[in-house]
Every structure is written in C-alpha cells, then in structure tokens.
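Take a look at the letters that make up each chain.
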Amino acid sequence: MKEYRTLPKQIHNRYQIQEGFAARERIMGNLALRQGKVEQAQAHLVASLDRRTRLTKRSSDPAAKIQLAESHVELGDFYFLQRADFLSAMKHYTEAESIHSELAKADPKHLPTQRHLSLVWYRLGTVYLHRSWTGSASIAGFWRIASRHWYLKCLGARKRLSQMDKTDVRAKYELAIIQARCGDHPSAVAFADGVLPSIKKDPSTLFQVACIYSLSSGVGKMSSNHYKSQAFQVLDQMSQLGWKDPVTLKSDPDLIYLQSDSRFDKLLRMLSGEKN
C-alpha cells in the first residue's frame, strides 16, 4: 500500500523533471537566437514544444497547458519575426489561443489567463496585418479584416483588465498600445505623454512608450512625424541608460513604422557596436 500512496508524488516529480528539460530547451533556444544562431534556436524551441505536448497528454494540470501555450507563442514569434513565415506563426498562435480560451472559460475571473489571451489576440492581429502586406492584393482585404477582428477582441479584453485592477500599471501600458493599433492614437499618446516624466530611468517601460509613439506615427497624418521623433527620443534615452538590444529593436513589430527612417539604421548600428 505504501507504494500506491507515494505514486502521485512520483508522477509529480517526473512531471517536474520533464518540464525542467522543456524549460531548458526554451532557454537555450532564446540564447541561441540572441547569438544569431537561428537554426539552433528553432531546433531548441521545437524540442521544447514537443516535450510539453507529450507532457499535456499525460497530465490534466492547467499549469502544463499554460506552458504548452507559452511554447506555441514563442515558436509563433520565431516564425513571425525570424522567418517571416506568417502562416506557421498563425498556426502556433491559434493553438495558443485555443488553449487559453479553454482555460479562460473554466475560470473567467483569473486575471493572468485573461492577460495571456489578450497577448495572443494581439499577436494574431499583428501577424494577420503583416500578411495583408504580402502576396496577392485580391485577398489582402481578408487579412486586414481578420487582423481588425483580433485587435478589437484584444482591445475589449484590455479595457476590462484595466478596469478590474486600476492599480495594474502594466495593464495601462498594454491598453495604450492596442488603442494605438486600433487608431485611437490620441488616447494612446495622451497616456504616453503623461507617464513619460515618471519613467525616465526605466528602460523596460520606456520601450513600451516608444512602441506607443511608433504605432501612433503609422496613422498617416501630419502628426506622424512628431510621434516618430518622440519615439526616437525615447529610444535614444534608453540607450543612454545602457539599453543595448539590437535584436529587439530590429524585430519588434511595434517599431515597424520607424524602420524606414535613417535614424533607425543609425541607432541600430550604434546598439550593435558598429561605427557610423
């Protein structure tokens, strides 16, 4: 009887060991990506996903499903940002969306699950938008409509999240970013202008503000050049604080509206350690 009593603990320990291997593959994949070893990064991220897929088949623990969704998101990001393989990215984001939607239905008031879901909806909106810029013009409208659908779902979710906990600063930043994506750049910029004086020495939150200005510059109006200049001022401020992440600068889709500006290449070279 003693052996049967210890069986759940043994199963849990095995799960922890296997999840540890999956997490290690994920870490190694991200490290390889930072080093520019794209093929190695893909192999590690796929291995992490495979391990977590097998784990969820043997465990009904919601934590296992959350980790699996995380692997789908990271692999989706890889295909989107490193390969420009939008269809593969959509596939993985959709898998993650399905997992988080199932968890959200089981516990609608669980804030982390709702936040994860909003992040996946944001990614789906962005990858569909980028897909509309490539390929046949005859179906570009379909991709744009799909993008708008996911962005609006994300906007609704982030409005609810910001109301559920009004002290959650991160929720406010995320709401401003999706507001900019959905065309409400006055609200997004008003938020960015308001918080900027209080975050002058915080590169991580400064980056979010730079993204807000960047997205607001893509609206195609006369104010777009002003917002673009604001974004570069914030990025310059970050670099002066010691932020050096050329990989994120080059790949983050929220900064895409800055990439055609000569200041972007100059900043990228500086962060990469190249001489102008």
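Structural notes, computed from the coordinates.

Rules and cut-offs
Residues numbered from 1 in each chain as written. Predicted model: local features only at pLDDT ≥ 70, side-chain atom pairs only at ≥ 80, totals over all residues. Heavy atoms only, no water. Helix = DSSP H or I, 4+ residues; strand = E, 2+ residues; numbered from the N terminus. Rg over C-alpha atoms; globule rule 2.2 N^0.38 Å. Buried < 20%, exposed > 50% of the residue type's maximum accessible area, 1.4 Å probe, protein only. Areas by Shrake-Rupley, 256 points an atom, 1.4 Å probe, with all protein chains shown as cover. Lys, Arg positive; Asp, Glu negative; His and termini not counted. Charge placed at Lys NZ, Arg CZ, Asp CG, Glu CD. Axes fitted to C-alpha atoms, helices over the stretch in contact; angles between N-to-C directions. Parallel < 35°, antiparallel > 145°, perpendicular 65-115°, else oblique. Left-handed = near helix turned anticlockwise from the far one by under 90°. Nonpolar A, V, L, I, M, F, W, Y, C, P; charged D, E, K, R; others polar. Contact = heavy atoms within 4.5 Å. Salt bridge = Lys/Arg side-chain N within 4 Å of Asp/Glu carboxyl O. Expected span 1.5 Å × (residues − 1). Polar contact = N/O pair within 3.5 Å; in protein donor to acceptor, adjacent residues only side chain to side chain. Phe/Tyr/Trp six-rings, centres within 6.5 Å; stacked < 30°, edge-to-face > 60°. Lys NZ or Arg CZ within 6 Å of the ring centre and 35° of its normal.

### Quick look at the overall build of the protein
Thinking step 1. Looking only at helices and strands, one finds 13 helices and zero strands in the protein.
Thinking step 2. Moving toward the C terminus, one meets the helices and strands of the protein in the order α-α-α-α-α-α-α-α-α-α-α-α-α.
Thinking step 3. Against the compact-globule benchmark of 19 Å for 276 residues, the protein has a radius of gyration of 20 Å, which places it among compact chains.
Thinking step 4. Dimensions of the protein, computed from C-alpha atoms along their principal axes, come out at roughly 75 × 45 × 45 Å.
Thinking step 5. Counting across all 276 residues of the protein, residues that qualify as buried make up 46%.
Thinking step 6. Here the protein has roughly 14800 Å² of accessible surface; of this, 55% comes from carbon and sulfur atoms.
Thinking step 7. Charge centroids of the protein, computed over 41 positive and 27 negative side chains, lie 1 Å from each other.

### Examining the packing of helix α6 (residues 111–132) against helix α7 (residues 140–164)
Packed helices, taken two at a time, are described by their axes: the angle between them and the distance between them.
Thinking step 1. For the pair α6 and α7, interaxial distance at closest approach is 8 Å and the crossing angle is 155 degrees. In this view, α6 runs roughly antiparallel relative to α7, as classed from their interaxial angle. Crossing hand, α6 versus α7: left-handed.
Thinking step 2. Of the residues in the contact of α6 with α7, the class split is 16 nonpolar, six polar and five charged.

### As for unusual backbone geometry
Thinking step 1. Positioned with a positive phi, A84 is a non-glycine residue whose angle comes to about 55 degrees.
Thinking step 2. Here A84 shows up in the loop between α4 (62–81) and α5 (86–106).

### Thoughts on the side chain of R115
Thinking step 1. On the secondary structure map, R115 appears in helix α6.
Thinking step 2. Taking the relative accessible area as the measure of exposure, R115 reaches 15% and is therefore buried.
Thinking step 3. Apart from residues no more than four positions distant in its own chain, R115 is found in contact with L161, D168, R170, A171 and E174.

### Looking at the environment of M238
Thinking step 1. Topologically, M238 is positioned in helix α11 (residues 224–240).
Thinking step 2. Sequence-wise, M238 and P203 are 35 residues apart; in three dimensions their C-alpha atoms are separated by 5.3 Å.
Thinking step 3. Setting aside anything within four residues of it in sequence, one finds M238 in contact with P203, L206, F207 and W243.

### Things to note about the pattern of salt bridges
Thinking step 1. Across all of its chains, the model carries 13 salt bridges by this definition.
Thinking step 2. Here E102 ties to K65 by a salt bridge, and the two come within 2.9 Å at their closest N and O atoms. Of this pair, E102 sits in helix α5 while K65 sits in helix α4, and the two are 37 residues apart along the sequence.
Thinking step 3. For E102, a relative accessible area of 44% translates into the label partly exposed.
Thinking step 4. A single salt-bridge network, built from bridges that share partners, covers E19, R26, R52, E70 and E74.

### Some remarks on α4
Thinking step 1. For α4, built from 20 residues, the straight-helix expectation of 28 Å at 1.5 Å per residue is met to within 8% by its first-to-last C-alpha distance of 28 Å.
Thinking step 2. Regarding α4, its N-cap is D61, as a side-chain oxygen of that residue lies 3.0 Å from the backbone nitrogen of A63 further along.

### Things to note about the packing of aromatic side chains
Thinking step 1. For the structure shown, the criterion picks out seven aromatic pairs.
Thinking step 2. Note on F78 and Y79: the rings are 5.7 Å apart at their centroids and 75 degrees apart in plane angle, and the pair reads as edge-to-face. This pair shows no difference in class: F78 is buried, exactly as Y79 is.
Thinking step 3. Ring centres 5.6 Å apart and planes at 45 degrees place the aromatic pair Y128 and W143 in the tilted group. With Y128 in helix α6 and W143 in helix α7, this pair connects stretches of sequence that are 15 residues apart. Considered together, Y128 and W143 belong to a single accessibility category, that of buried residues.
Thinking step 4. Three or more aromatic residues link up through ring pairs in this structure, and these residues are Y128, F142 and W143.
Thinking step 5. Over the aromatic face of W121 sits the side chain of K153, whose NZ or CZ is 4.5 Å from the ring centroid.

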